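# Tertiary structure, described
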Amino acid sequence: MGSLLSACGINVKKKKVEEERRLRANDREFNLSFKYANNAIKTSKYNVFTFLPLNLFEQFQRLANAYFVFLLILQLIPQISSLSWFTTVVPLLLVLSITLAKDLSDDITRHKNDKQVNNRKVEVLIDGELKTERWMNVQVGDIVKLENNEFVTADLLLLSSSEPLNLIYIETAELDGETNLKVKQALTLTGELCNDIQRLAAFKGEVRCEPPNNRLDKFTGTLVVGGETFALDNERILLRGCTLRNTEWCFGLVLFGGPDTKLMQNSGKSIFKRTSIDHLMNVLVLFIFGFLAFMCTILSIGNAIWEYQEGNSFIVFLPRADGANASLSAFLTFWSYVIILNTVVPISLYVSVEILRLGNSYFIDWDRKMYHVKSDTPAQARTTTLNEELGQIKYIFSDKTGTLTQNIMTFNRCSINGKSYGEVVDFAGQRVEVTEKTEKVDFSWNLLADPKFFFHDHKLVEAVKLGSPEVHAFFRLLALCHTVMPEEKTQGDLFYQAQSPDEGALVTAARNFGFVFRARTPETISVVEMGIETTYELLAVLDFNNVRKRMSVIVRNPEGKLMLYCKGADTIIYERLHPSCSKVMEVTTEHLNEYAGEGLRTLALAYKDLDEDKFAEWRRRHHEASIALEDREEKLDAIYEEIEKDLILIGASAVEDKLQDGVPQTIEQLAKADIKIWVLTGDKQETAENIGYSCNMLREEMTEIFIVAANTAEEVREELVNARKKMSPESGDEPPMEKSRFLGKKSQVVEDEKVDGEYGLVINGHSLAFALQKDMQVELLRTACMCQTVICCRVTPLQKAQVVELVKKHKKAVTLAIGDGANDVSMIKTAHIGVGISGQEGMQAVLSSDFSFAQFRYLQRLLLVHGRWSYLRMCTFLRYFFYKNFTFTFVHFWYAFFCGFSAQTVYDEWYITLYNLVYTALPVLGISLFDQDVNDRWSFQYPQLYAPGQMNQYFSKMAFAKILLHSCYSSLILFFVPWAAMWDTVRDDGKDIADYQSFALLAQTCLLIAVSVQLGLDTYYWTAVNHFFLWGSLSVYFAVTFTMYSNGMYLIFTSSFPFIGTARNSLNQPNVWLTIFLTTILCVLPVVAKRFLFIQFKPTINDKVRHKVKQAKAEPPPPPQRFPRRRISTRRSGYAFSHARGYGDLVTSGRFLRIPVKSRPALFSKNESPVADSTPQTYISIFEETQNP
Amino acid sequence: MAKKAVGLGPLSRRPDNSAFKQQRLPAWSPSLTAQTVLPIFYILAVVCLLLGIWLLITVQNTHQLKVDYTDAGTCERCFELHANNTRTVCTCSVNFYVPRPFPGDVFFYYGLRNFHQNLRRYMDSRDDAQMVGRKKNLKAPSSYCAPFHYDANGVPIAPCGAVANSMFNDSFTLMYHQANGAEVQVPLYRKGIAWYTDKNVKFRNPPTNNTFSLRQAFEGTTRPLYWQHSVYELDDTDSNNNGFINDDLIVWMREAAFPNFKKLYGVPNRAQEPFTEGLPAGNYNISIDYNFPVEPFRGRKELVISMVTWFGGQNYFLPIAYLVTSGLILVTAVVLTTVFVKFGKNGKNMEE
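All values derive from a computational prediction rather than experimental measurement.

What counts and how
Residues numbered from 1 in each chain as written. Chains lettered and ligands numbered in written order. Predicted model: local features only at pLDDT ≥ 70, side-chain atom pairs only at ≥ 80, totals over all residues. Heavy atoms only, no water. Pairing = 2+ DSSP bridges. Helix = DSSP H or I, 4+ residues; strand = E, 2+ residues; numbered from the N terminus. Axes fitted to C-alpha atoms, helices over the stretch in contact; angles between N-to-C directions. Contact = heavy atoms within 4.5 Å. UniProt positions renumbered as here; feature names shortened; annotations may be inferred. Expected span 1.5 Å × (residues − 1). Buried < 20%, exposed > 50% of the residue type's maximum accessible area, 1.4 Å probe, protein only. Disulfide = S-S within 2.5 Å. Salt bridge = Lys/Arg side-chain N within 4 Å of Asp/Glu carboxyl O. Buried area = accessible area lost by both parts, 1.4 Å probe. Polar contact = N/O pair within 3.5 Å; in protein donor to acceptor, adjacent residues only side chain to side chain. Nonpolar A, V, L, I, M, F, W, Y, C, P; charged D, E, K, R; others polar. Parallel < 35°, antiparallel > 145°, perpendicular 65-115°, else oblique.

### Things to note about the sheet that holds strand E26 (residues 648–659) of chain A
Residues and elements named next belong to chain A.
- Here nine strands make up an open sheet; going across it, the order is E17-E16-E26-E25-E24-E23-E22-E21-E20 and the pairing antiparallel. Both edges of this open sheet fall to strand E17 (419–421) and strand E20 (515–520), since each of them pairs with a single strand only. Each strand of the sheet is rotated relative to its neighbour by a mean of 30°, with strand direction disregarded.
- Bridge analysis of strand E25 (residues 601–609) against E26 gives seven bridges, and the strand direction is antiparallel. Pairing of Leu 605 across the sheet is with Gly 651, part of E26.
- The sheet strands contacting helix H19 (residues 632–643) are strand E22 (532–542), strand E23 (550–556), strand E24 (562–568) and E25, and the helix crosses E22 at an angle near 130°.
- Strands in contact with helix H21 (residues 685–694) are strand E16 (405–416), E25 and E26; relative to E26, the strand with the most contacts, it is inclined by about 70°.

What follows is the structure, encoded as structure tokens:
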């Protein structure tokens, strides 16, 4: 729509493309001269004045509406008008006003949202003083002051901050979904401005930088202050959408505002989504137009022949207008029949479709089983036009962090010196499911314990209290070997700032078990060991990186002994162990397998006593290496390697990356419904793989899991091809393209290829970048689509969208993207359906989504229940709607052969007006709002019921053709039976009944009753509302008919109601009712017989489940209580720590610590939000949840 | 939306737990099982059979006789006269034989074939407002009546329009040749042949009273082109049967749905011998004032004598249709049963 509007020049003024941005701080006049966008955003479409004209303009672009205006014009020509004007105007007005009302309410919501964002307050430096301003009034070049936990107003150049070294911390969750804090640093020059308002106001720096773009990770520009030029890069830029954390205040210079910000540039155009049924309907409507023209042509030819043969001799009784002859008459007849047969192009169809989609959206909003109690968030259908597509999903693209996982790490299990802890067993030694009620370990003996930490195995704490040296060593290691920064605002109130949640979890665990990491300086680490303050001298941090997959610290303990503590991926540690610990190694390996089998992230821990002399020597070389100018990294690695050997294994830790509730079950259900799930995550490969296992996507039973991690395009291609050949040796080099339907136009749809066995594919970010190149796309798609599960790691937001786009383009399938962060926005917008996880901090994903709810597990209900029903209802509706309208219309066609093709209608004009709007509107709405083939529990029990939707089985061109034939048959019955029954008969008192009006009444009554019974046949689920609608509509029909044919109506509106008395005189005749009865059975029984035969010959999954429901006569058994899946695994998780190189440098450089820390607000203050219930949560089946009022 | 005010406690946004909103409305969900479908088919087969037989017996006992007089007997002359476009009064007569007596009330119809009263322009060419006796409309006929709304001199036509203009205007006199050779005129009762609602509501004369006659009421209008009499002179025997409420006019104005139709002409008065028992068998003769031209549109005219039962006139369609339907349903039912037993394995194939 946007492009269209811009084409019309209505609201988008094309600006000259900006090539470089120039701005001056504190110089509004100068900046305004460039006409940069200010910070107001606008997502709404209309304002008060443009609403009516624009909306009507848009509505009339709809083919159907335009068509009806055209009809209206035709009807105003007396020679053509075969129907009164009201038959078209009444429905048209109704349609227009309903759509108008809906668009209005939608736009008001958008206005409200915009207003809320635009009216946020921020402090702006104007004329030398700070003033509170609304966001929308902020201009490019303004200096704004941000305070802790505030949203960043616009894209800013960081000038100064409250923190040392002009650092600030920001959370970028809204932008890229990563919740760990990032550091930004201002230029020293501007940092000196501090919070000195006078100096800030006098600051006259001039910035030249790139024009607005959507690259989140790149920025180039220069700052000129007093003739000196400074380079600006991404390090200095704060982007809109970030949140300031852990920083008291900072000042920034606005570079890009509102629509120019990288966030808004990234959100892309809002694409107007249409469902595949919409597309199909457009095709069908075109076909119907053709068909209409065809019918009208036949009838007008008939008219020409008739006029020539008969009409010429009838002019005695009915003279023609001047100059008229057979051919003119035929021409006029063509248009007359266009009017009469217009009901094949159903105008009220569009309204009804909108209404039923809206209704089904409300059911989603109202569903208590998709309401999340903890965050008080109900599900929400934000787009009300896509419901039925939810029943056709074939591919799901899911974000990981925040969607599948909670991004909370908990220390769950550990193996110390060959003994495993953390499992709760009952008296019989049976494993017990951990629930909220399970008794927790009491940490009250430890004053410094973190109250939010829970553990359930009492043995471990007993071991600690008994003073087992191995256990102590284990926790000591955890307390020492890390790069966590502590914060202690008040005595005993400790906060850890960890770069990755894993590390935080481990250090917190050590803290609770009595080894409290309390403070660090560049040279020391202070730990409270079982209540005793101990200080270790920190000699070296051998930092983590992706190759090493381990980190070590070298410390001197208070006794003066040198120790090296190391933690890392088990495989890596095992290679470096002393041969003496082979026995412990064996047991620990078993435990590691067990943990990994449960999807936990494991680390092996080891230590080593160091020799003073050797260390001194090593230290010297280390220093040399660390100041080397060339190959510093490699040299350091080699040095590290030297000392990290002959380690003694202590044990292993297992951290749970807590999944959202019910994720594995949901994924299993969705897999049963034959939905393929692709995980697109910004995480690194190991983490992603790990999660893949723990949430059941990757399984040990899978035939093979391919990992594509290559460095060049050629290698990537090779790996992809190899994988494909392995899965399906006979698959050819050329992708199997679907046969194109339209001549000349090459189809881009790749057909599915058959594969035996289940496969998984993991592809890393680097390879993905190559694979997404134009020439390799299809290769990637073919390979990926053969796999059950696809996991893409290290994916950028743009790539996410590209992947979705790829599948959308080359597969004839409906895609759904689900995510929670701003980094998912692009994919949410690209996919056919976008789902946002709501109830957490970031709202970006939700705002651009079509549906939102609080938990991933609700997805199964959304798809398997709501989606399936919506699809079923929509298709039932469409099939029935076309049937009833075609049948209605075809009767006119047959009558033409009896009335000299004169465009005489069969029915009363009022009946024609009201048939769709009144007599049949509600019953069909009833069925399309309330129908259920089986209820929700059975839908869950048999996810296979979802398959017909994916295959478009309920409504397709084929189904449409069948409807056409069925209508043809019904209309033949509905015309010729009344004709034959009436044409030569009379009433029981000898008076007329074969007259036109009685026949019209008979024909319309037959039709209405036949289609009503047909509706009854199509209804699976007869609620009181359905009964009410159906019987009500029939009663209304008779009531309205008798009213319109009454004396009063005739005497008041003589020319509009000429059917006076027809109902009274003809509906009391037995032969009329006998005819109605006969037509009804003849219309309905063949359908019953056909359906019965189909059920007998090849029952569908639907029929079978319904049969089961009948047999069971009760609810399905509740799903079995499930324990977490155990996996006998040979595969273990790796070192799944931080995304990047650790904080090691910072820690040892002491840059953080030079100036005593001022009282800072808590870093993870948001952990007090409901998300932080780090209580081990167990999956409550959604059947049980929220049932009690 | 069902959103309540936000911020009223932890569960403030929880949706209501109503059966409607949770889509748990109690419902009846029937399905097409053998236990329901097969009995329905058998029962319907029997019902249709019985109805068919009953109707067939009824129709068998309904007699009807059609006499096509278009060019029969002496009417051939009139027919040719009309064909040569000579509009002179022509009278002719046709003899016919009634093989068996028509007991009870007998109805006389005139039938027309190939006369399209159902053409759209023809049907529209009338003015109901005029014929309900509105003074305003009487002198200002609707434009739908064109070209029959004003005559050549611009005088409004009443009743206007093509329908009224083409009113059937043959008249019949029916003579019964008794066995003893005497001729008796069949006394025809020619009123009460239109629908009650038409006669009393739909068609009304312009207001008249003792001093203001019907002729005066119609002053300033002229008769339709093809008419020989003015509308207020249609019935010279009964002054109350004139104007728009003339029975023949009303019957004609109720347009037929199909090109072949018959319209009620009159009912023999059974008060008179030998017609007290109905219409006796024997020879009859009709003399016809042959006015209505059918040759331009290759139509036929006929006289229909018919009995009427509760089921209406003699129409064999419904009885036969019911019998055929019954047969079809029975066949289908047998097929369905076979399929159910053989392929559906008595419903076993549903359980997999």
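### A short note on the UniProt feature "transmembrane region" (unreviewed entry) in chain B
Residue and element names in this part refer to chain B.
- Listed under "transmembrane region" (unreviewed entry) in the UniProt record, and renumbered for this structure, are residues 37–57 and 316–341.
- Secondary structure across residues 37–57 divides into 100% helix and 0% strand, with the first and last C-alpha atoms of the span separated by 30 Å.
- For the annotated span residues 316–341, helix accounts for 96% and strand for 0% of the residues, and the straight-line distance between the end C-alpha atoms is 38 Å.

### Remarks on helix H14 (residues 469–480) of chain A
Residues and elements named next belong to chain A.
- The end-to-end C-alpha distance of H14 is 16 Å, a good match for the 16 Å that 12 residues give at a rise of 1.5 Å each.
- Buried residues dominate H14, accounting for nine of its 12 residues.
- Every buried residue of H14 is accounted for by Val 471, His 472, Ala 473, Phe 474, Phe 475, Leu 477, Leu 478, Ala 479 and Leu 480.

### Here's the deal with the state of the cysteines
Residues and elements named next belong to chain B.
- All told, the structure shown has three disulfides over all chains when counted by the stated rule.
- Across the disulfide from Cys 75 sits Cys 92; the S-S distance is 2.0 Å. Since a negative S-S torsion denotes a left-handed disulfide, the Cys 75-Cys 92 link at about 75° is right-handed. Residue Cys 75 is located in helix H2 (residues 75–83), and its partner Cys 92 is located in strand E3 (residues 91–98); the two are separated by 17 residues in the primary sequence.
- The class for Cys 75 is buried, based on a relative accessible area of 0%.

### So, the pattern of salt bridges
Residue and element names in this part refer to chain A.
- Inspection of every chain in the model, using the stated rule, returns 68 salt bridges over all chains.
- When the shortest N-O distance is used, the salt bridge between Lys 102 and Glu 354 registers 3.6 Å. One end of the pair, Lys 102, is in helix H5 (residues 86–118); the other, Glu 354, is in helix H12 (residues 347–366), with 252 residues separating them in the sequence. Here Lys 102 and Glu 354 have matching classes, each one buried.
- For the salt bridge of Glu 354 with Arg 357, the shortest nitrogen-to-oxygen distance reads 4.0 Å. Of the two residues, Glu 354 and Arg 357 are both situated in helix H12; the distance of three residues between them amounts to about one turn of the helix.
- Residue classification places Glu 354 among the buried positions, given a relative accessible area of 14%.
- Look at the salt bridges and you will find they share partners, linking Lys 102, Asp 106, Arg 274, Asp 278, Glu 354, Arg 357 and Glu 388 into a network.

### Thoughts on the interface of chain B and chain A
- With 106 residues of chain B at the interface, the matching set in chain A holds 109 residues.
- Buried area between chain B and chain A, both sides added, is near 9400 Å², and the carbon and sulfur share of it is 61%.
- Summed over the shared surface of chain B and chain A, the number is five salt bridges.
- For the salt bridge of Lys 262 of chain B with Asp 984 of chain A, the shortest nitrogen-to-oxygen distance reads 3.4 Å.
- Counting across the interface, chain B meets chain A through 43 residue pairs in polar contact (both at pLDDT 80 or more).
- Within the side of chain B that touches chain A, the residues separate by chemical class into 59 nonpolar, 26 polar and 21 charged.
- Across two bridges, strand E34 (residues 1022–1023) of chain A lies against strand E1 (residues 27–28) of chain B in antiparallel orientation. Among the inter-strand pairings, Trp 1022 of chain A is bridged to a residue of E1 of chain B, identified as Trp 28 of chain B.

### Considering the packing of helix H28 (residues 858–896) of chain A against helix H29 (residues 909–919) of chain A
All names here are of chain A.
- It is at 11 Å that the axes of H28 and H29 come closest, and there the two elements cross at 170°. In terms of axis orientation, H28 runs roughly antiparallel to H29. When H28 is examined against H29, the residues Phe 881, Lys 884, Asn 885, Phe 888 and His 892 are found in contact with a partner set consisting of Tyr 911, Ile 912, Tyr 915 and Asn 916.
- Here the residues of the contact of H28 with H29 are counted per class, giving five nonpolar, three polar and one charged.

### With respect to the UniProt feature "binding site: Mg(2+)" (unreviewed entry) in chain A
Residues and elements named next belong to chain A.
- Following the UniProt record, one finds the feature "binding site: Mg(2+)" (unreviewed entry) at Asp 399, Thr 401, Asp 820 and Asp 824. Maximum C-alpha separation among the annotated residues is 10.7 Å over a sequence range of 426 residues, consistent with a single clustered spot.
- With respect to the helices and strands, Asp 399 occurs in the loop between strand E15 (393–398) and E16.
- When near neighbours in sequence (up to four residues on either side) are disregarded, Asp 399 contacts Leu 404, Leu 680, Lys 800, Ile 818, Gly 819, Asp 820, Asn 823, Asp 824 and Met 827.
- Side chain to side chain, Asp 399 and Thr 403 meet in a polar contact 3.3 Å long.
- Locating Asp 820 in the fold gives a position in the loop between strand E31 (814–819) and helix H26 (825–830).

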